[in-house]
Amino acid sequence: MSKTQPSEAIEAALAAGQRVFGENRVQEAQGRWTDRRDGIEGLELRLIGPLQSNKAADAVALFDIIETLDRPKLADALAAAGLRVGKPVRVLIQVNTGAEPQKAGILPGETVELVEYARATGLIVEGLMCIPPAEESPGPHFALLHKIARRCGLETLSMGMSGDFETAIRFGATHVRVGSSLFGERKGPETPSRD
Ligand SMILES: *Cc1c(COP(=O)(O)O)cnc(C)c1O
C-alpha cells in the first residue's frame, strides 16, 4: 500500500524489488505513478479505495486491477471505459462483510448477484476484497469472504492489513494489503480506512 508515501519511499520499495502497489485515490495515484510507471517491468497497480463512476475512465487508464467494485452503476461505468480504450478491465468485488452502514462494499447476500451482473457487462471478475469492522475479530469476516468466493468460483481474496494479515493468510488470503508495517506509520491526514 503506497498511498501517501513520498517519492523516496516508493523508489526504495522499487529498488528492493516490490512490484505490486495499492493506492486508494485515483488523483493521488496519477501523481505518483503516471510518469513513473513506464519502464518498470512487472509493475502492477491496484486501486483499493472508493471509486466514483465519473472517475471510472481515469481509474481504468491507470490501474491494472480495481478492487473496489461494489455497485451495478460502477460496473457499467468501468465496462464502458474499458470498451472505449480497448482494455480488458480486471476487478475484485468489495464486500461489506460486517454490513456497516458507513462502509463501502456490497452486502454479503447481494454479492453473487453483483458478480453475475459484472461478468455480464464484460468485466473480468477475479475475486473479492473486504475490510472487516475495526472493532471486531477479523477471522469470521475473512471466513465469510472465502465462502462467498467459493460459491462464485473466484480465486482471488484480498484481505488483511498490517494488523491482521497473518489471520487473513490463515483464512486463505491471496493478497494482503500491507502499508504501515512495510513503510512505517503514514504521515499526513490519511488513516487506514478500516473504519
Ligand atoms: C491503507 C489501507 C491498507 C493498509 O493499511 P495498513 O494498516 O497501513 O497496513 C489496507 N487496505 C486498505 C483498503 C487501505 O486503505
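In case you missed it, the structure is sitting above this.
What comes next is a walk through the structure. (Residues numbered from 1 in each chain as written. Predicted model: local features only at pLDDT ≥ 70, side-chain atom pairs only at ≥ 80, totals over all residues. Heavy atoms only, no water.)

**Observations concerning helix H5 (residues 111–121)**
Residues of H5 that are buried include every one of Thr-111, Leu-114, Val-115 and Ala-118, and no others. End-on, the buried residues of H5 take up no more than an arc of 105°, which puts them together on one face. Away from the buried face of H5 by more than 90 degrees, exposed residues Glu-113 and Ala-120 are located. Looking at the buried side of H5, the elements it contacts are strand E3 (65–69), helix H4 (72–85), strand E4 (90–95), strand E5 (124–130) and helix H6 (139–152). (Buried < 20%, exposed > 50% of the residue type's maximum accessible area, 1.4 Å probe, protein only. Helix = DSSP H or I, 4+ residues; strand = E, 2+ residues; numbered from the N terminus. Arc of directions from axis to C-beta. Contact = heavy atoms within 4.5 Å.)

**Comments concerning the side chain of Thr-111**
Following the sequence through the fold, Thr-111 ends up in helix H5. Of the polar contacts made by the side chain of Thr-111, one reaches the backbone oxygen of Leu-107; its length is 3.0 Å. Other than its neighbours up to four places away in sequence, Thr-111 contacts Ile-93, Val-95, Ile-106, Leu-128 and Ile-148. (Polar contact = N/O pair within 3.5 Å; in protein donor to acceptor, adjacent residues only side chain to side chain.)

**As for empty space enclosed by the protein**
If you walk through the whole model with that rule in mind, you get 1 cavity of 30 Å³ or more. For the largest cavity, the calculated volume is near 40 Å³. Lining the largest cavity are Val-60, Phe-63, Asp-64, Ile-66, Lys-87, Pro-88, Val-89 and Arg-90. Grouping the amino acids of the lining of the largest cavity by side-chain chemistry returns 5 nonpolar, no polar and 3 charged. (1 Å grid on protein atoms, 1.4 Å probe; cavity = no way out; pocket = protein on both sides within 12 Å on 5 of 7 lines; lining within 4 Å. Points joined across faces, edges and corners; volume = space filled by probe spheres on them. Nonpolar A, V, L, I, M, F, W, Y, C, P; charged D, E, K, R; others polar.)

**Observations regarding the pairing of E4**
Most of E4 sits inside the fold, with 5 of its 6 residues counted as buried. Here E3 runs beside E4; their pairing, made up of 3 bridges, is parallel. Counted as the bridge partner of Ile-65 is Arg-90 from E4. Handedness of the E3-H4-E4 crossover: right-handed. When E4 meets E5, the two strands line up parallel, connected through 6 bridges. Looking at the pairing, Ile-93 lines up with Leu-128 of E5. (Pairing = 2+ DSSP bridges. Right-handed = clockwise from strand over helix to strand, strands pointing away.)

As far as function goes, none of this settles anything; it's purely spatial.
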